[in-house]
Amino acid sequence: METVYFKGTPVHTYGDVPAAGHKAPDFTLVTKDLAEINLADFTGKKLVLNVFPSLDTGVCAASVRRFNKEAADLDNVAVVCVSMDLPFAMNRFCVAEGIDKVVAASAFRSPEFAHNYGMLMVDGPLKGLLARCVLVIDEHGKVVYRELVDEITHEPDYEAALATLK
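(A) Here's a closer look at the pairing of strand β2 (residues 9-12). Bridge analysis of strand β1 (residues 3-6) against β2 gives four bridges, and the strand direction is antiparallel. Note that in β2 the partner of Thr 3 across the bridge is His 12. Linking β1 to β2, which pair antiparallel, is a turn of two residues; within it Lys 7 sits at a positive phi near 55°.

And the structure:
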């Protein structure tokens, strides 16, 4: 169990986020066009998992915009932005915002993602959604960067995550 905060109040997650140096667990997520993707689809590339509660919040939307602008332009890097939002909502957001360099993916029918990655919030007002976290996974499926953002209302450390990609 990990502890993060929502507006200063402790919130707990189910399990633990994978640590740097560990193999990333497999996952199956659903893209905005209802296709399934999994970790093996990104073998041979560096992968950024930008995980957050919902695109319907300013901070979550800002993280998708930022990774779309910066990390997606790096060589041999894929960025997957993950939340529990339905694929239809993700598609509307991406079209409206011109988001076209990252993969928007939903964990709405993938409880194993939330559990295996230790990001499911099990209490607090956002219970049932994913905590804010950025993971960078190398070309061989190993976690090389991990930031579980301590305050859900804060943005992640983009510079630190991007530095691991260069």
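(B) Main features of the sheet that holds strand β3 (residues 28-31). One open sheet holds the seven strands; their spatial order is β4-β3-β7-β6-β5-β8-β9, and the pairing between them is mixed. Of all strands in the sheet, those with a lone pairing partner are β4 (36-38) and β9 (143-148), marking the two edges. For this sheet, the mean angle separating the axes of adjacent strands, direction not counted, is 30°. Strand direction decides the pairing type here: β3 and β4, joined by three bridges, are antiparallel. The residue of β4 that forms the bridge with Thr 28 is Asn 38. The strands that helix α1 (residues 58-69) touches are β5 (46-51), β6 (77-83) and β8 (133-137); relative to β5, the one it contacts most, it runs at about 160°. Across the sheet, helix α2 (residues 87-97) lies against β3, β6 and β7 (103-106), angled at about 155° from β7, the strand it touches most.

(C) The arrangement of the pattern of salt bridges in detail. Evaluation of the coordinates by the stated rule reveals six salt bridges. A salt bridge links Arg 65 to Glu 97, with the shortest nitrogen-to-oxygen separation between them at 2.8 Å. Note that Arg 65 is positioned in helix α1 and Glu 97 in helix α2, a separation of 32 residues in sequence. One salt bridge in this structure joins Glu 159 and Arg 66, with 2.7 Å as the shortest N-O distance. With Glu 159 in helix α4 (residues 158-163) and Arg 66 in helix α1, the pair connects residues that are 93 residues apart, well separated along the chain. With a relative accessible area of 25%, Arg 66 lands in the partly exposed category.

Cut-offs and rules
Residues numbered from 1 in each chain as written. Predicted model: local features only at pLDDT ≥ 70, side-chain atom pairs only at ≥ 80, totals over all residues. Heavy atoms only, no water. Pairing = 2+ DSSP bridges. Helix = DSSP H or I, 4+ residues; strand = E, 2+ residues; numbered from the N terminus. Axes fitted to C-alpha atoms, helices over the stretch in contact; angles between N-to-C directions. Contact = heavy atoms within 4.5 Å. Salt bridge = Lys/Arg side-chain N within 4 Å of Asp/Glu carboxyl O. Buried < 20%, exposed > 50% of the residue type's maximum accessible area, 1.4 Å probe, protein only.

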